[in-house]
Each structure stands twice: as structure tokens, then as C-alpha cells.
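Observations on chain architecture
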Amino acid sequence: MTSEDSLKNARERLIVALDLPRADEAIALAFDLASEVSFFKIGLQLYTAAGPEIVRAITGTGAKIFLDLKLHDIPNTVAKAVASAGEIKVAMLTIHLSGGSRMVEAAVRAVSTDLQLLGVTVLTSSDETTLHETGVNGSVAEQALRLAQLGADAGIRGLVASPHEVVALRRALPSRVTIVTPGVRPAWATADDQKRFTTPREALHNGADYLVVGRPVIAHAQPREAARRIINEMAER
Ligand code: C5P
């Protein structure tokens, strides 16, 4: 690959999390970053504040949207929400795999566009105590693998996973599963509240397809420069 190709490839694999409270802030930042960033994540905070209009506005920069709503409801409701996300042309959407195979199958059947569904296994904020108090025995690693397998069997082709889980997941699952990893910190950034993070380069080396980065870019004094540094690091692998 030429260095131009490597940069293009890296740029396509970076997703910047627009974890901001208001539409005007998010739109201004997305337009500022547009020359470097072609994929943005919109999560519960921004979507609850700004609704589908924010998806349309950010798509206006030419970027793709990962809508991180972590859906978990009865199969019919999740299927309808997946169909609605397809209508507003999001590229990725998350669902909780703990909703079970019927819910995941209904979600998979509801995809009519090139929307990529991503399954969430065990949230990184959960530990063994969280699992036990909700009636789940075993370790977090076991439960994450069990849910990833359930998702794959129910037809899901994408997962959200920590950079440390990627190697085990790649070993256990079909190779065509797309893995998206948050919990990424360049060496020059602060950890914030992320505990088990890796650098962008390590995450790609472990087998991640896409990296989600929030605060190292959006809370940086020069967000465009921060994004450029991360893309350069990803391209230098
Ligand atoms: O600012 P930071 O880079 O930590 O943001 C990471 C993004 O990824 C946030 O939107 C966060 O909610 C999300 N996320 C995460 N860890 C997970 C799942 C999602 O940090 N296990």
C-alpha cells in the first residue's frame, strides 16, 4: 500500500464520537473535522437532545453515521426501530445481544439497506458483581463470548468490543464479523475514565476493523490536529 492508500484506509476506519449535549455544537465540530473525519458516532445523549435531524445534518458533511442507541426491547419494537434507522440512512446501529436470539434475528431481518448492525455484549462498566446481581453466573469474559456467539448464530455480522477482547473474539467467531472498538487512547492523550484501553495502533494490530475515539479528539484544543495525528498513527502500522 502507498502511504496515500494507508492514510485513506486509516481515515475510513476512524469513528469520532460526538458526545456533546447540543446539535449546534455537534454540527460545528463535524463540519470543522470534515476534511479529516468521514465517520461520526451519535449516542444516546445527542440523539435524545436532537433526534433524527442531527443525523441528517451530520450526514450533510458527507460523513457516515454510527447511531449508538444500544437497542434492547421486544423483538417487534427493536425490528421497527432498526427499520426507522435504515430510513434515516445510518451506516451502523447498536443492539444489546442480551436481548436474546429472537430479538437479534428480528433486528437482522429488519435491515433493508446497507445498514451494519453491531451487537453489544457486556458493557465495560459491568463487572462480575453486576452480572451476578442480574442473575448471570460466570465471568465477564465468558458472558461476552457467549453473547457474541449467540449474536453470530442469530445472523449478526458486527460487534462492539474492547480492544483487549478482539483477539479472543476473532478466534471464536467467523472472520467476516466486523469489530468496532472504543477504549482507544493515543500515547499523547489522557486516559479520562477509560481503564483498559490500548493505543490506536495496538487496537488495529489486535484485529479491530474500526476505532471509536471521543474525548482525545472532541475535547482537544485543536480537534482537527488531534484527528490527523490519530489517523497518521493508524496509517503507520
Ligand atoms: O471519549 P472516549 O474516547 O472515551 O469515548 C468513547 C466512546 O465509546 C463513548 O461514546 C462511549 O460511550 C463509547 N463506549 C466506550 N466503551 C464501551 C462502549 C462504548 O467507551 N465499552
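Note that the structure is predicted; figures quoted are calculated from it, not measured. Residues take numbers from 1 onward in each chain, read along the sequence in its written order. The predicted origin of the model limits local features to residues at a pLDDT of at least 70 and limits the giving and counting of side-chain atom pairs to 80 or more, whereas totals for whole chains, interfaces and linings rest on all residues. Excluding hydrogens and water, the side-chain values take into account all heavy atoms of the structure.

Further remarks concern the pattern of salt bridges. Between Lys or Arg on one side and Asp or Glu on the other, a salt bridge is scored when a side-chain nitrogen of the former is within 4 Å of a carboxyl oxygen of the latter. Scanning the entire structure with this criterion turns up 15 salt bridges. Here Arg22 makes a salt bridge to Glu25, at a shortest N to O gap of 3.5 Å. Of the residues examined, Glu25 reaches a relative accessible area of 30% and is grouped as partly exposed. Measuring nitrogen to oxygen at the nearest pair gives 2.7 Å for the salt bridge that ties Arg224 to Asp32. Buried means the residue's accessible area, taken with a 1.4 Å probe over protein chains only, is under 20% of the maximum for its type, while exposed means over 50%, and partly exposed covers the values in between.

Helix length check: helix α7 (residues 140-153), at 14 residues, gives a terminal C-alpha distance of 20 Å against a target of 20 Å (1.5 Å per residue), a fit within 8%. Each helix corresponds to a stretch of at least 4 residues labelled H or I by DSSP, and each strand to a stretch of at least 2 residues labelled E; elements are numbered beginning at the N terminus. Regarding α7, the residues found buried are Gln143, Ala144, Leu147, Ala148, Gly151 and Ala152. Any two residues whose heavy atoms approach within 4.5 Å at even a single point are treated as in contact. Packing partners of the buried residues in α7 comprise α5 (101-109), α6 (128-133), β6 (158-160) and α8 (166-172). At the C-terminal side of α7, Gly155 shows a positive phi close to 100 degrees. Here a helix's expected span is defined as the number of its residues, less one, multiplied by 1.5 Å.

Lines fitted to C-alpha atoms define the axes here, with helix axes fitted over just the stretch in contact, and angles between the N-to-C directions of these axes take values from 0 to 180 degrees. Running from N to C, helix α4 (residues 75-87) and α5 point in directions that differ by 25 degrees, and their axes come no closer than 8 Å. If you check the angle between α4 and α5, you find them roughly parallel. Considering only the axes of α4 and α5, their crossing is right-handed. Across the interface between the two elements, Pro75, Val78, Ala79 and Val82 of α4 pack against Arg102, Met103, Ala106 and Ala107 of α5. When grouped by side-chain class, the residues that make up the contact of α4 with α5 number seven nonpolar, no polar and one charged. Any angle from 65 to 115 degrees is called roughly perpendicular, while one under 35 is roughly parallel, one over 145 is roughly antiparallel, and all others are oblique. For any pair of crossing helices, the crossing counts as left-handed if the nearer helix is rotated counterclockwise from the farther one by less than a right angle, and right-handed if it is rotated clockwise. Residue type decides the class: Asp, Glu, Lys and Arg count as charged, Ala, Val, Leu, Ile, Met, Phe, Trp, Tyr, Cys and Pro as nonpolar, and the leftover types, Gly among them, as polar.

This part takes up the environment of Ala63. With respect to the element layout, Ala63 can be found in the loop between α3 (44-59) and β3 (64-71). Sequence separation of Ala63 and Lys195 is 132 residues, and the distance between their C-alpha atoms is 29 Å. If near-sequence neighbours (up to four positions away) are discounted, Ala63 is found in contact with Ser38, Phe39, Phe40 and Ile58.

Let us now look at the site of the ligand. The nearness test applies per residue and asks whether one of its heavy atoms lies within 4 Å of the molecule or strand. What surrounds the ligand is the set Ala17, Asp19, Lys41, Thr124, Pro182, Arg185, Gln194, Val212, Val213, Gly214, Arg215 and Pro216. As used in this structure description, the phrase polar contact means that two N or O atoms lie within 3.5 Å; if the pair is within protein, one of them must be able to donate a hydrogen and the other to accept it, and residues adjacent in sequence are counted only when both atoms belong to side chains. Residue Asp19 places a side-chain N or O atom 2.7 Å away from an oxygen atom belonging to the ligand. Within the contact set of the ligand, an oxygen atom lies 2.7 Å away from a backbone nitrogen or oxygen of Arg215. Taking 460 Å² as the accessible area of the ligand by itself, protein coverage stands at 80%. Computed with the Shrake-Rupley method and a 1.4 Å probe, the accessible areas treat only the protein chains shown as cover for residues.

Here we take up a negative patch on the surface. Residues Asp127, Glu128, Glu133 and Glu142 make up a contiguous surface patch of negative charge. By the element assignment, Glu128 lies in helix α6. Its relative accessible area of 38% is what places Glu128 among the partly exposed residues. Patch membership needs two things, relative accessible area over 30% and no salt bridge, and members are linked within 9 Å if like-charged or within 5 Å if nonpolar (Val, Leu, Ile, Met, Phe, Trp, Tyr). Only four residue types enter the tally: Lys and Arg on the positive side, Asp and Glu on the negative side, with His and both chain ends excluded. For the purpose of locating charges, the reference atoms are NZ of Lys, CZ of Arg, CG of Asp and CD of Glu.

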